[in-house]
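Observations on the three-dimensional arrangement
Here is how the chains run, residue by residue.
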Amino acid sequence: MWTCPKCGRTFKRKEQDHYCGKAPETVDEYIMAQPEEVQEYLRKIREAIRLALPEAEERISWSMPTYWKEHNIIHFAGFKKHAGLYPGPKAVEEFSGRLKEYRTSKGTIQLPYSRPVPVELVSDIARWCYETGNHP
């Protein structure tokens, strides 16, 4: 077990990524709390999702940006070396052919900061999640 020295939360894995302190209340607040060098990357993900889902409500759920319309549609979050996109396992399966260059796991896609944001892919995944009702 590992205890975060900043917030006191306990985790199974040492150095577990997590959000210390009070959860952000808005997506803007979430992005501004991230390291400056990744904020623009997260803004581009946000914009891709907003263009795909103009009627979805932005909210914070699970301490990360979430897009909602009658249910959670998709989430994203910033980490040390990548942004995580959380469309759910069916979306990862559906888009597997276009995700070969990214690390994926059940319901998660890692978008490394060392590569440009795949804006069209992010938009297509978000739209698919909404249109099919598949969500995380």
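Anyway, here's the lowdown on the structure attached to this text.

Moving on, we get to the pairing of strand β6 (residues 82-86). A large share of β6 lies buried, amounting to five of its five residues. The side-chain alternation of β6 yields two buried faces, one formed by H82, G84 and Y86 and the other by A83 and L85. The sheet contact formed by strand β5 (residues 72-78) and β6 spans four bridges and is antiparallel. If you follow F76 over to β6, its bridge partner there is L85. Here β5 folds back onto β6, and the loop between the two strands holds three residues. Sheet topology places β6 next to strand β8 (residues 108-112); four bridges connect them, and they run antiparallel.

Before going further, it helps to examine the nonpolar core. Judged by nonpolar contacts, the single largest core of 36 residues is most densely connected at I45, I49, L85 and I125. Looking at this core, the elements that each hand over two or more residues are α1 (27-32), α2 (36-52), β4 (64-68), β5, β6, α3 (89-94), β8 and α4 (119-132). When residues of this core are assigned to their parent elements, the largest contribution, seven residues, is made by α2. If we skip the residues at most four places from it in the chain, I45 touches F76, A83, L85, L111, V117 and V122.

Across its 17 residues, α2 extends 25 Å between first and last C-alpha, which sits within 8% of the 24 Å expected from 1.5 Å per residue. Every buried residue belonging to α2 is among V38, Q39, Y41, L42, I45, R46, A48, I49 and A52, and all of these are buried.

Attention now goes to α4. Its 14 residues place the ends of α4 20 Å apart at the C-alpha level, agreeing with the 20 Å of an ideal helix rising 1.5 Å per residue. Of the positions making up α4, those classed as buried are L121, V122, S123, I125, A126, W128 and C129. Contacts made by the buried residues of α4 are with α2, β5, β6, α3 and β8. At the C-terminal side of α4, G133 shows a positive phi close to 80°.

On to the pattern of salt bridges, then. For the structure on display, the rule yields nine salt bridges. Residues D28 and R46 are paired through a salt bridge, measuring 2.6 Å at the closest nitrogen-oxygen approach. Linking D28 in helix α1 with R46 in helix α2, this pair joins segments that are 18 residues apart in sequence. Its relative accessible area of 45% is what places D28 among the partly exposed residues. Between E40 and R43 there is a salt bridge, with the nearest N and O atoms lying 3.6 Å from each other. Residue E40 and its partner R43 are both found in helix α2; the two are separated by three residues, about one turn of the helix.

Rules used in this analysis
Residues numbered from 1 in each chain as written. Predicted model: local features only at pLDDT ≥ 70, side-chain atom pairs only at ≥ 80, totals over all residues. Heavy atoms only, no water. Buried < 20%, exposed > 50% of the residue type's maximum accessible area, 1.4 Å probe, protein only. Helix = DSSP H or I, 4+ residues; strand = E, 2+ residues; numbered from the N terminus. Pairing = 2+ DSSP bridges. Core = buried A, V, L, I, M, F, W, Y, C linked by side-chain atoms within 4.5 Å. Contact = heavy atoms within 4.5 Å. Expected span 1.5 Å × (residues − 1). Salt bridge = Lys/Arg side-chain N within 4 Å of Asp/Glu carboxyl O.

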